[in-house]
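# Coordinate analysis (summary)
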Amino acid sequence: MLRLRYTLRRIVQQKCAKNVEYVNGKSVRAVSTAVGRYNQSTTKATSFDSTTYEDAVDQSRRTGTGVKMAPDTGKLRSRQPLVKNFFVGVVDKEMLGFPEVVQREEMVRIENEKLPLTNFFADNVNNAIIDRTRQIPTEVVDAVRQLGLYGINVPQDFEGKGLGWTASLMLTEPESNSANVALGLLSHRVIIDLLKEVGSSEQQQRFLPQLVNGSQVGVEAIFEYDIAENDLFNTTAVYEPEAKEWVLSGSKAYAVTGPFATSDATPLFLVIAQTRRLSVKGDAARSTTIFLVDGNTPGVKLGEQHLTIGCRGLQISRVEFEQVRLPESCVVGIANEGNSVAEVLLRSGRLRNALLGLGIAKQLVNNMTMYCIENQQCNVPLKDMEILQMHLSKASCATYAIESMIYMTAGILDEFASPDVAIEAAITKYYSLTQLRNIAGKCMDIIGPKSLLSGLETEVLFRDAAQLYTQGESMDTMRLYIALTGLQHAGGLLSDTVRMQRNPLFHPGHILSKFLQSSNIDNPKTKMRLNENVHPSLEPAAQCVEHSVARLQMCVELLLTRYGSAVVEKHHDMQRLTDIAATIYAMFASLARASRSYCIGLQLADYELVLASAVCTHGRDKVQKLCNELFNGQYVNNDSNLERVAKQVFKSKGYFPVHPTTYNF
């Protein structure tokens, strides 16, 4: 039956590609504005702005101005968000059918195009033409242009390959053999994704023909060296109504400016600047705007180069903007609505960052495996030692989950119209890079000091993993974003329940029913029946997902009841909530992938069942542990002690205990 389902799904997709026009799904509340306002606020947040990005898009379509999204013709009708609904205990069982968006004929074509790329990067890395610790040579930069890597995700109307999310990610996998090349092209592709979705027709006509052939290379100039004390950014843009121009001033750091964006290829900077709304006073006037700035514009110059721990074949520099005058056509999306447009930008960047992390993780697992096969200790092969087997098994399970999450998120983007996958993309990057850091640490455990000898592949991969983990947004910021996004979605749906539980004297019937219910955090009762949508061999794994989702819903309801709107200040609980949601999504994606692989008879699919079962079993135990910590509260889970210690650390301006041999007389 499951094999028949996948066959019918292909038929439906083929018919939809011919007949289905874009249909707006149910509008869901945008979260980027809420998180942005929370980050800007210096007082306690009690409510969020309910203005949705979808409303702005609909208005722009009617009026012909502002943001214009790319058409979603040929896609299935929009569905409810997947991970957001985990926070309210709802699972879309149909999504357990792992997305199949690349048809058989197209898959063959992609594999044929992928083969020369795989050979190119493998040969150049093995022959030291691409030295991972030094500048990328000019011949490699020219080869990247000839191989068409600049235009993988550019629409065919602009002479690009016109690939969707899944196909473009598959075709860029070989680049992970050289993290320098992959990270150098990442910003370029993110900017193309942004132009396709929210760029105006004028911007597409102006920039995409230059970006597709590499005569212009996209560079993200978002992050800053110094923290802004009162605003989100120190870089500012002031609008002059008389001249109808923006004046951009400030500096950005950590911009990947070379070697692809050189004198032969003009950089196209994507800049986020602090702006203010006209005719609005006070903090309400604060906003952000996204600009596209040509590198040849007067006032734009490169500053000092940053020497980072990894990806040393790239030029990562500071960019200075000195009174740069920009026309209105350089604004991406709607002026002063940068938070909304940034949601598209971050979604693309997070997904592509996760893919690069996946490539490095695979290389680390392969290197550790070969080391164990080729070496022995005390006449015992390393591959027969149980502790090393456990290290490699856990690393393989994490890599399998990462890959499943990436291609499930990409498949949702390709298959459905206007999907809400902001939280899925954030979780995918968060889970990928945190697991990559753990895998790199396991490499040091297995290989030992030799793993960090300068110039060895394991040392270079460790540096690149550390670089990718710290490149861009911090993990703590992403944890808060994921948790707050899920809580905001749940808050609207659970508002009546939370209100009754926060006022028990006025709703005794509801409180009594809560006491009488048999489901609890240790033994949750569910009626999801996820096992009906996967292979029977995966029924225990499906049960793990059900129980974990039910526990997440209980924790969300508890936190909203316990803290109300003050929950946004409980950052440690937010971190636990993020880890729970990320673990459940990893379990869900692995379960769906393994079921599909076994049903259609892929090679070694029986071991994929074992991998998915291991991911789900370990994930269930982790979720239960984190949920128990949330239910126990700060005085039992040790949070209260940690908060007291932190206050004394700040009071003493550092480590405060006296030396253990000190006398008090």
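In case you missed it, the structure is sitting above this.
Now for a description of the structure that goes with this document.

## Focus: the pairing of strand β4 (residues 266-276)
Where a strand is regular, its side chains alternate between the two sheet faces. Counted residue by residue, β4 has 10 buried out of 11 residues, so it is predominantly covered. The pairing of β4 with strand β5 (residues 286-294) spans nine bridges and is antiparallel. For Leu270, the partnering residue across the bridge sits in β5 and is Leu292.

## Examining the state of the cysteines
For the structure on display, the rule yields zero disulfides. Its sulfur unpaired, Cys443 is 9.6 Å from the next cysteine sulfur, which belongs to Cys372. For Cys443, a relative accessible area of 3% puts it in the buried group.

## What about a nonpolar patch on the surface?
Judged by side-chain polarity, Phe223, Tyr225 and Tyr254 come together as a nonpolar surface patch covering roughly 300 Å² of accessible area. For Phe223, the location among the structural elements is in the loop between β1 (216-221) and β2 (236-240).

## Examining the packing of aromatic side chains
Counting across every chain of the model gives six aromatic pairs. Where Phe120 meets Phe121, the ring centres are 5.1 Å apart and the plane angle is 80°; that geometry is what we call edge-to-face. Following the ring pairs from residue to residue traces out a cluster consisting of Tyr239, Trp246 and Phe291. One cation-aromatic arrangement involves Arg318 over Tyr225; the distance from NZ or CZ to the ring centre is 4.9 Å. In this arrangement the basic side chain of Arg350 is found over the ring face of Tyr481, its NZ or CZ atom lying 4.7 Å from the centre.

## Things to note about the environment of Asn153
Within the secondary structure layout, Asn153 lies in the loop between α6 (138-146) and α7 (165-171). When its relative accessible area of 1% is taken as the criterion, Asn153 is described as buried. Considering only alpha carbons, one finds Asn153 and Val190, 37 residues apart in sequence, at a separation of 9.3 Å. Filtering out sequence-adjacent residues up to four positions away, Asn153 remains in contact with Leu163, Arg189, Ile192, Asp193, Lys196 and Arg352.

Thresholds applied
- Residues numbered from 1 in each chain as written.
- Predicted model: local features only at pLDDT ≥ 70, side-chain atom pairs only at ≥ 80, totals over all residues.
- Heavy atoms only, no water.
- Buried < 20%, exposed > 50% of the residue type's maximum accessible area, 1.4 Å probe, protein only.
- Helix = DSSP H or I, 4+ residues; strand = E, 2+ residues; numbered from the N terminus.
- Pairing = 2+ DSSP bridges.
- Disulfide = S-S within 2.5 Å.
- Patch = residues over 30% accessible without salt bridge, like charges linked within 9 Å, V, L, I, M, F, W, Y side chains within 5 Å.
- Areas by Shrake-Rupley, 256 points an atom, 1.4 Å probe, with all protein chains shown as cover.
- Salt bridge = Lys/Arg side-chain N within 4 Å of Asp/Glu carboxyl O.
- Phe/Tyr/Trp six-rings, centres within 6.5 Å; stacked < 30°, edge-to-face > 60°.
- Lys NZ or Arg CZ within 6 Å of the ring centre and 35° of its normal.
- Contact = heavy atoms within 4.5 Å.

The values are spatial; any link to function lies outside them.
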